[in-house]
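# What the coordinates show
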Amino acid sequence: MAATIPNTRQYNARAFEDAREVPREVELALIGVVPQELQGTLYRIGPGRFNSGGFAADHIFDGDGLVSKFVIESGTVRFQSRYVRTPKFHAQEAGRGGQVRGLYTQARGLRHNAGQFPADSANTHAVVHAERLLALSDIGRPWDIDLDDLTTKGVCDFDGRLPRLTRFSAHPKIDPVTGELFNFGLDLAPRLGMHIPAGLRCYRVDPSGRLTTMGVVPLEDVIVQHDFAITERYLVFALSPIFVDPIKGALALAGFGTTGDAADYRPEKGMKIVLVPRDGGRQRVIECDPLVYFHVGNAYEDNGDIVLDVVQHESFEFLSTGLKTFRDGVLPNAAWPTRLRITPRGRVLREEIEMAACEFPTHDERRTGREHRFTYFTEYVDGSSVIAKLDHVTGEHRQHAFESSTTAGEPIFVPRSDNAAEDDGWILVLTYNAAEHRTELHILDAAKIEDDAVAIARLNGHFFPGFHGSFTPRVAVSKA
Ligand SMILES: [Fe+2]
């Protein structure tokens, strides 16, 4: 499959120029007409600046998290953006960026690296739950962001319920029926001699925002785990064998080499799929051939089988060295949708779907954990960006093409109404328009995805369209 997809693609390097925050709401110029029925707020996050106060990111993951909001109301779009006020951000503002150690970026001088956990850039996902906006990354704790003016309120530890030495990963899943949020985080405590099992700690956050630990997926070694899935009865973890190498990890801890570079893909170790029952009970572990993936599309139960959609990558280089060349606009490319079907007898069937390079799989979130018909992707065809829609029933694969100078981010589906059918609604997607060095919000009609955008809201500036985000029907209040 991968042989047909080029390994790298060219992105316009100017997208990664440092972005200024827009601390007061501005109304955006429009092309087309924003549908009156489309009301709510789109939150996005991604690395927005890479050079500050002596810090120069060697990897895209070490850019500072810029959270943005697009408020869509009565045919207008208002915009605002702010950087998350992490300790890394403050150190850079104070001119001490050279002392900051990132995930893939060393500080200057051994004493600023030795024994230092990588600084959190808070740049990976912006999630709305229990009337809170959380800015997340895999190595940090959640940041509580004001839903209206995007100021950083502080670390969210769920009223002290999030154990101090555990993480809260960047891809929580919200059950659309129960309103519960599920997530996991790497449990660091055993490495420091405490009496908590090593592993991935699983969390449930109820609709009022109260966090409880559901259990721990035990691990023999530290792994890199970015995403997971839920079904109506399970949390589903596909543990790709991406391990923190013990020697490189120890050297990194001592300050020699970055923490990120200590991870290695070890296919000979195989892959484990772990099913964690949502209502308690024994975990089920299925061993299977390994694959490299970072993002899950959706999962569901089908007559006793578990179906799990992922985007498979050709190699682990994607994450490690492949994203270090972002300043040259060269990004890794070779990835394609793969459906895993786990049978009650523990067989794992694999279906690989022929597409051009794709990433950022999303679906109608009213179908999370339930069978979904459509998956939306960002896809790159012959070096150009498209939004793709895959119909899992017919196998049909349709696309929305952009101008050649435009690069698209993650598509987010918004239903036309609460009871609208799947795919009856809009796709919201941020793009970087290289010809004009500006970022834009494109609103597409999902059912007519090939058509021109229904509306385009245009910024007077740019920022990298980012990694992930969320839409909520709540209209953010302007505090300007
Ligand atoms: Fe992600």
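For the structure itself, consult the block above.
Worth saying up front: this structure is predicted, and the values here are computed from it rather than measured.

### Looking at the overall build of the chain
- Along the chain, the regular secondary structure elements total 2 helices and 37 strands.
- The C-alpha atoms of the chain give 21 Å as radius of gyration, which agrees with the globular expectation for 480 residues (23 Å, within 12%).
- Along the first, second and third principal axes, the C-alpha atoms of the chain reach 60 × 60 × 50 Å.
- Relative to its full complement of 480 residues, the chain shows a buried share of 59%.
- Taking as baseline every contact in the chain between residues at least 6 positions apart, the subset at least 24 positions apart corresponds to 61%.
- In the form shown here, the chain has an accessible surface area of approximately 19,200 Å², with 49% of it arising from carbon and sulfur atoms.
- The averaged location of the 65 negative side-chain charges in the chain is 6 Å from the averaged location of its 53 positive side-chain charges.

### Considerations on the coordination of the iron ion
- Looking at the iron ion, the protein donor atoms are His-171 (NE2), His-226 (NE2), His-295 (NE2) and His-468 (NE2), and they sit 2.1 to 2.2 Å from it.
- Each of the 4 donor atoms bound to the iron ion contributes to angles spanning 88 to 167°, and the resulting shape is irregular.
- Mapped onto the polypeptide sequence, the residues donating to the iron ion form the spacing pattern H-x54-H-x68-H-x172-H. Placement of His-171 in the loop between β12 (152-155) and β13 (173-174) and of His-226 in the loop between β16 (211-218) and β17 (229-230) is noted, with a sequence separation of 55 residues between them. For the residue pair His-171 and His-226, the accessibility class agrees, reading buried in each case.

### Structural notes on the packing of aromatic side chains
- In this structure the tally under the stated criterion is 15 aromatic pairs.
- Seen in terms of ring centroids, Phe-61 and Tyr-104 are 6.4 Å apart; in terms of plane orientation they differ by 65°. Their pairing is edge-to-face. You can see Phe-61 sitting in the loop between β6 (55-56) and β7 (64-73) and its partner Tyr-104 sitting in the loop between α1 (87-93) and β9 (125-129), a full 43 residues away along the chain.
- The partly exposed category is assigned to Phe-61, whose relative accessible area is 23%.
- A relative accessible area of 5% means that Tyr-104 is categorised as buried.
- Between the aromatic rings of Phe-61 and Phe-467, the centroid separation amounts to 6.0 Å while the plane-to-plane angle is 85°, which identifies the pairing as edge-to-face. In this pair, Phe-61 sits in the loop between β6 and β7 while Phe-467 sits in the loop between β36 (455-458) and β37 (468-472), placing the two residues 406 residues apart along the sequence.
- Overall, Phe-467 belongs to the buried group, its relative accessible area being 10%.
- Counting every residue linked through ring pairs, the aromatic cluster contains Phe-16, Phe-50, Phe-61, Tyr-104, Phe-464 and Phe-467.
- It is Lys-88 that lies over the ring of Phe-55; its NZ or CZ is 4.2 Å from the centre.
- Between the NZ or CZ atom of Lys-389 and the centre of the ring of Phe-374, over which it lies, the distance is 5.2 Å.

### Some remarks on the pairing of β12
- Relative to β12, strand β11 (residues 143-145) runs antiparallel, the two being bridged by 3 bridges. Pairing of Asp-144 across the sheet is with Gly-154, part of β12.
- Between β11 and β12, which pair antiparallel one after the other, the connecting turn spans 6 residues, and Leu-150 there sits at a positive phi close to 65°.

### Section: helix α2 (residues 246-253)
- With a side-chain oxygen lying 3.1 Å from the backbone nitrogen of Ile-247, the N-terminal cap of α2 falls on Asp-245.
- Downstream of α2 by a residue or two, Gly-255 has a phi angle that is positive, lying close to 105°.

### Concerning the sheet that holds β16
- The sheet built from 4 strands is open, its strands ordered β13-β14-β15-β16 with antiparallel pairing. Whereas interior strands pair on both sides, the edge strands pair on one side only; in this sheet they are β13 and β16.
- Judged from the 7 bridges that link them, strand β14 (residues 181-187) and strand β15 (residues 199-205) form a sheet pairing that is antiparallel. What sits directly across from Phe-184, in β15, is Cys-202.

### Things to note about the pattern of salt bridges
- Under the counting rule described, the total for this entry stands at 35 salt bridges.
- For Glu-37, the salt bridge identified is with Arg-416, shortest N-O distance 3.9 Å. Pair noted here: Glu-37 is in the loop between β3 (29-32) and β4 (40-49) and Arg-416 is in the loop between β33 (412-415) and β34 (425-433), with a separation of 379 residues, a long-range link.
- According to the relative accessible area criterion, Glu-37 is partly exposed, its value standing at 47%.
- Taking the relative accessible area as the measure of exposure, Arg-416 reaches 28% and is therefore partly exposed.

### What about the nonpolar core?
- Core analysis: the biggest nonpolar cluster contains 28 residues, and Tyr-11, Phe-16, Ile-60, Phe-294 and Leu-319 have the highest contact counts within it.
- In this structure, Tyr-11 is in contact with Phe-16, Gly-329, Leu-331, Thr-407, Tyr-432, Phe-464 and Pro-465, ignoring residues within four places of it in sequence.
- Counting residues in hydrophobic clusters, the runner-up holds 24 residues, among them Val-34, Phe-70, Leu-441 and Phe-463.

### Quick word on the sheet that holds strand β23 (residues 292-302)
- In space, the 4 strands of this open sheet follow the order β23-β24-β26-β27, with antiparallel pairing throughout. Among the strands making up the open sheet, the edge pair consists of β23 and β27 (348-352). Neighbouring strand axes in the sheet, compared pairwise and without regard to direction, differ in orientation by 20° on average.
- As paired elements, strand β24 (residues 305-313) and strand β26 (residues 335-342) share 8 bridges and run antiparallel to each other. Pairing of Gln-312 across the sheet is with Trp-336, part of β26.

### Details of unusual backbone geometry
- Of note, the phi angle at Glu-131 is positive, near 60°, even though the residue is not glycine.
- Structurally, Glu-131 is set in the loop between β9 and β10 (132-136).
- Of note in this structure, Asp-159 is not a glycine but carries a positive phi near 55°.
- Relative to the helices and strands, Asp-159 resides in the loop between β12 and β13.
- For Asp-159, a relative accessible area of 76% translates into the label exposed.

Conventions adopted
Residues numbered from 1 in each chain as written. Predicted model: local features only at pLDDT ≥ 70, side-chain atom pairs only at ≥ 80, totals over all residues. Heavy atoms only, no water. Helix = DSSP H or I, 4+ residues; strand = E, 2+ residues; numbered from the N terminus. Rg over C-alpha atoms; globule rule 2.2 N^0.38 Å. Buried < 20%, exposed > 50% of the residue type's maximum accessible area, 1.4 Å probe, protein only. Contact = heavy atoms within 4.5 Å. Areas by Shrake-Rupley, 256 points an atom, 1.4 Å probe, with all protein chains shown as cover. Lys, Arg positive; Asp, Glu negative; His and termini not counted. Charge placed at Lys NZ, Arg CZ, Asp CG, Glu CD. Donors = N, O, S within 2.8 Å, 3.2 Å for Na, K, Ca; no water. Tetrahedral: all angles 85-135°; square planar, octahedral: opposite > 155°, others 65-115°. Phe/Tyr/Trp six-rings, centres within 6.5 Å; stacked < 30°, edge-to-face > 60°. Lys NZ or Arg CZ within 6 Å of the ring centre and 35° of its normal. Pairing = 2+ DSSP bridges. Polar contact = N/O pair within 3.5 Å; in protein donor to acceptor, adjacent residues only side chain to side chain. Salt bridge = Lys/Arg side-chain N within 4 Å of Asp/Glu carboxyl O. Core = buried A, V, L, I, M, F, W, Y, C linked by side-chain atoms within 4.5 Å. Axes fitted to C-alpha atoms, helices over the stretch in contact; angles between N-to-C directions.

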